[in-house]
Amino acid sequence: MTAALLEQYRERIQTELDRVVDFWLKYSHDKEHGGFFNCLGKDGKVYDELKYVWLQGRQVWMYSRLYRTVERFHRPEILDAAKSGAAFLQKFARVQASSGAGKCAFCLTRDGRAVKVQRTIFSECFYVMAMDELSRITQDKEMQVKLLVKLLYKVDSIYLMVSCQMFCPCSPQADAESMMDRLIFWVQTDSSDLSRPQLPGDPPVNSMAVPMMLLCLVDQLTEGRTDVAEKYKDLSGWCVERIIQHIQRDGNAILENVTLTGKELPGCQGRLQNPGHALEAGWFLLEYALKKEDVQLQKTAVDKFMEIPFHTGWDKQHGGLFYFLDVDGHCPTQLEWNMKLWWPHCEALIAYLMAYSHSRAPLLLDRFKLIYDYTFSHFSDEEHGEWFGYLSRQGEVVLDFKGGPFKGFFHVPRCLYMCEKLLDGLLERQDS
């Protein structure tokens with residue numbers, strides 16, 4: 001019975017992933033300027049030409065990962081799209097290259113002019129992911145030559161030398177590592193390049209997103225590369241320690257923000273819970289713990305970062321995961337707190353299927369079933385393809401676009417890709 005159910009899940013997830021990939025291949029590519037349109041309506045129509053750097057990086061990474069690891073996606077149009085997106089990023093993403101800071105824009109015009117910069121690190125993080133993953137396919141040479149030819153055509157020889165140093169590193173992999181080193185410096189040493197002043201009434205905060213993102217980047221950069229693993233060997237442990245600090249209230253709550261010493265912060269900021277983010281942290285930690293054969297951390301990942309946010313975050317009346325909660329039961333100040341968003345459900349599916357794949361505990365499969373049934377019956381758009389992202393508490397579509405400033409080609413395809421891989425592994429073990 002379990003094998004038949006898992007096979008049913010795999011077939012649906014494979015079909016869904018194919019439909020999602022086809023949607024973005026069909027509607028998001030900018031054949032004139034390169035890169036991708038991010039703002040797509042429910043039927044794929046472009047409703048805004050702004051290009052969001054973190055979403056450009058996510059799309060390059062996702063195309064590259066699918067091309068490299070899934071045989072049916074080993075298609076020229078997918079590789080060409082990844083190369084186009086990466087070239088667009090290398091040429092236009094940085095807005096402070098001349099100062100050496102390397103800060104990336106948050107969004108660009110269609111033709112690559114900077115529109116907005118955020119005082120965070122996430123555009124740079126997904127730039128790293130994109131360049132590293134693509135470098136594993138291209139071996140760097142072809143894309144580098146194409147970008148150099150464009151620069152030769154447009155600028156004189158003196159400016160070319162400067163541009164090559166700033167915008168055309170020796171390879172996408174080297175570009176990724178160079179940006180990673182800046183990120184580490186900003187996070188651990190000096191964040192002044194982010195232009196975020198440290199005000200006396202606003203002490204430094206350990207926001208869970210930062211160590212989570214760096215842990216993800218270490219995993220990306222070190223896959224199969226022992227020299228790079230040696231370079232970042234201490235960083236992953238630092239990230240795990242910072243994430244564990246978010247276990248609060250005597251082990252009964254995961255809080256989104258804590259002090260740098262792991263203490264609870266006052267006010268709304270300190271009481272904030274994000275169930276989907278905690279679940280994502282759970283599978284990050286579980287994946288790391290499995291590689292390290294750390295049994296205690298495996299237990300912590302499931303018991304604290306999966307089960308606690310599931311119990312507190314699941315809406316028992318209407319189903320689905322709340323977006324934000326207040327640990328003391330106050331109404332969160334975020335206006336969208338009781339909405340059901342696509343990405344927490346994506347992360348919950350990965351988390352519980354990964355946990356079940358490891359332990360085979362029936363309860364974990366039951367959790368996956370519950371989340372799967374809600375997710376596929378509410379977010380997936382059978383008519384136009386892809387998923388809606390924003391539902392009311394009752395599960396009705398509130399915002400019907402498929403892509404926007406915060407929703408791109410990432411959480412849905414990553415979830416489907418990872419769940420397909422996990423199901424492949426489970427079914428192989430069933431057969432053996």
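Our structure's up above, just so we're on the same page.
Residues numbered from 1 in each chain as written. Predicted model: local features only at pLDDT ≥ 70, side-chain atom pairs only at ≥ 80, totals over all residues. Heavy atoms only, no water.

## Quick look at the overall build of the protein chain
Rules: In this description a helix means any DSSP run of H or I spanning at least four residues, a strand means any run of E spanning at least two, and both kinds are numbered starting from the N terminus. Note that the radius of gyration is over C-alpha atoms, with the globule rule given as 2.2 Å times the number of residues to the power 0.38. Throughout this description, buried means an accessible area under 20% of the type-specific maximum (1.4 Å probe, protein chains only), exposed means over 50%, and partly exposed covers the range between. Only heavy atoms enter the contact rule, under which two residues are in contact if any of them lie within 4.5 Å. All accessible areas in this document rest on Shrake-Rupley with a 1.4 Å probe, and a residue is counted as covered only by the protein chains that are shown.
Scanning the protein chain from terminus to terminus reveals 16 helices and 14 strands. A compact globule built from 432 residues should have a C-alpha radius of gyration of about 22 Å, and the protein chain, at 21 Å, falls within 12% of that. The dimensions of the protein chain, computed from C-alpha atoms along their principal axes, are 65 × 50 × 45 Å. Out of the 432 residues belonging to the protein chain, those deemed buried represent 57%. At a minimum sequence separation of 6, the contacts of the protein chain that also span at least 24 residues come to 68%. Accessible surface, the protein chain: about 18600 Å² in total, of which carbon and sulfur atoms supply 53%.

## Thoughts on the packing of helix H4 (residues 122-138) against helix H7 (residues 172-188)
Note the following rule: All axes here are fitted lines through C-alpha atoms, helices being fitted over the stretch that makes contact, and every angle between N-to-C directions spans 0 to 180 degrees. Between 65 and 115 degrees an angle is taken as roughly perpendicular, under 35 as roughly parallel, over 145 as roughly antiparallel, and anywhere else as oblique. Crossing handedness is read from the near helix: turned anticlockwise from the far helix by less than a right angle, it gives a left-handed crossing, and turned clockwise, a right-handed one. Under this grouping Gly is polar, as are all residues other than the nonpolar Ala, Val, Leu, Ile, Met, Phe, Trp, Tyr, Cys and Pro and the charged Asp, Glu, Lys and Arg.
The geometry of H4 relative to H7 is characterised by a closest axis approach of 8 Å and an angle of 155 degrees between their N-to-C directions. One finds that H4 runs roughly antiparallel with respect to H7. H7 is crossed by H4, and the crossing has left-handed handedness. Residue-level inspection shows Glu124, Cys125, Tyr127, Val128, Met131, Asp132 and Ser135 of H4 in contact with H7, the latter providing Pro172, Gln173, Asp175, Ala176, Met179, Met180, Leu183 and Trp186. Taken together, the residues of the contact of H4 with H7 break down into 10 nonpolar, two polar and three charged.

## Overview of the sheet that holds strand S12 (residues 340-341)
What counts, and what does not: Note on pairing: DSSP must find at least two bridges between two strands before they are called paired.
Across the sheet, which stays open at both edges, the three strands sit in the order S12-S13-S14 with antiparallel pairing between neighbours. If you trace the sheet from one side to the other, it starts and ends with S12 and strand S14 (397-399), each paired once. Where S12 meets strand S13 (residues 390-391), two bridges bridge the pair, whose relative direction is antiparallel. Each bridged residue has a counterpart across the sheet, and for Lys340 the counterpart in S13 is Leu391.

## A few points about the layout of surface pockets
For the record, the criterion: In this analysis, the protein atoms alone were mapped onto a 1 Å grid. Cavities are point sets where a 1.4 Å probe fits without being able to get out; pockets are open sets with protein on both sides within 12 Å along at least five of seven lines; lining residues have an atom within 4 Å of a point. Grid points are joined across faces, edges and corners, and a volume is the space filled by probe spheres set on the points.
Here the second largest pocket is characterised by a volume of approximately 840 Å³. Looking at the second largest pocket, it is lined by 31 residues, and the ones nearest its centre are Asp219, Gln220, Trp283, Glu287 and Lys291. Ranked by residues supplied to the lining of the second largest pocket, first place goes to helix H12 (residues 275-292) with seven residues. For the lining of the second largest pocket, the class distribution of residues is 15 nonpolar, six polar and 10 charged.

## Considerations on the state of the cysteines
Put simply, the rule reads: Note on terminology: pairs of cysteine sulfur atoms within 2.5 Å are recorded as disulfides.
Applying the stated rule across the entire model yields zero disulfides. You can see Cys104 has no disulfide; the closest cysteine sulfur is in Cys125, sitting 9.9 Å from it. Assessed through its relative accessible area of 1%, Cys104 is described here as buried. Cys39 provides the cysteine sulfur closest to Cys107, a residue in no disulfide bond, and the two sulfurs are 9.1 Å apart. For Cys107, a relative accessible area of 4% corresponds to the buried category.

## Looking at the nonpolar core
Defined as follows: We define the nonpolar core as a collection of buried residues of types Ala, Val, Leu, Ile, Met, Phe, Trp, Tyr and Cys that are connected through side-chain atoms lying within 4.5 Å of one another.
The biggest cluster of nonpolar side chains holds 131 residues, and the ones touching the most others in it are Tyr63, Leu66, Met180, Leu183, Leu217, Met306 and Phe368. In terms of residue count, helix H14 (residues 342-359) provides more of this core than any other element does, 12 residues in total. Residues contacting Met180, with those up to four places away along its chain left out, are Val128, Leu214, Leu217, Val218, Leu221, Tyr232 and Leu235.

## A closer look at the environment of Arg429
Here is the rule we go by: For this analysis, a polar contact is any N or O atom pair within 3.5 Å, provided that within protein one partner can donate a hydrogen and the other can accept it, and provided that sequence-adjacent residues contribute only side-chain to side-chain pairs.
Mapped onto the secondary structure, Arg429 falls in helix H16 (residues 411-431). The class for Arg429 is partly exposed, based on a relative accessible area of 37%. For the pair Arg429 and Leu399, spaced 30 residues apart in sequence, the C-alpha to C-alpha distance is 41 Å. Ignoring anything within four residues of it in the chain, the contact list for Arg429 reads Ser357 and Arg360. Here Ser357 takes part through its side chain, which lies 2.9 Å from a polar atom of the side chain of Arg429.

## Remarks on helix H13 (residues 295-313)
The condition that has to hold: Expected helix span is taken as 1.5 Å per residue step, with the number of steps being one fewer than the number of residues. Bend at a given residue is defined as the angle between two axes, one fitted to the seven residues that end at that position and one fitted to the seven that begin there.
Counted at 1.5 Å a residue, the expected span for H13 with its 19 residues is 27 Å, and the 26 Å between its end C-alpha atoms agrees. Along its length, H13 shows its largest kink, about 25 degrees, at Glu307, and proline Pro309 lies within four residues downstream of that point. Within H13, the full set of buried residues consists of Leu297, Gln298, Thr300, Ala301, Val302, Phe305, Met306, Glu307, Ile308, Pro309, Phe310 and Gly313. N-cap assignment for H13: the residue whose side-chain oxygen lies 3.3 Å from the backbone N of Gln296 is Asp294.

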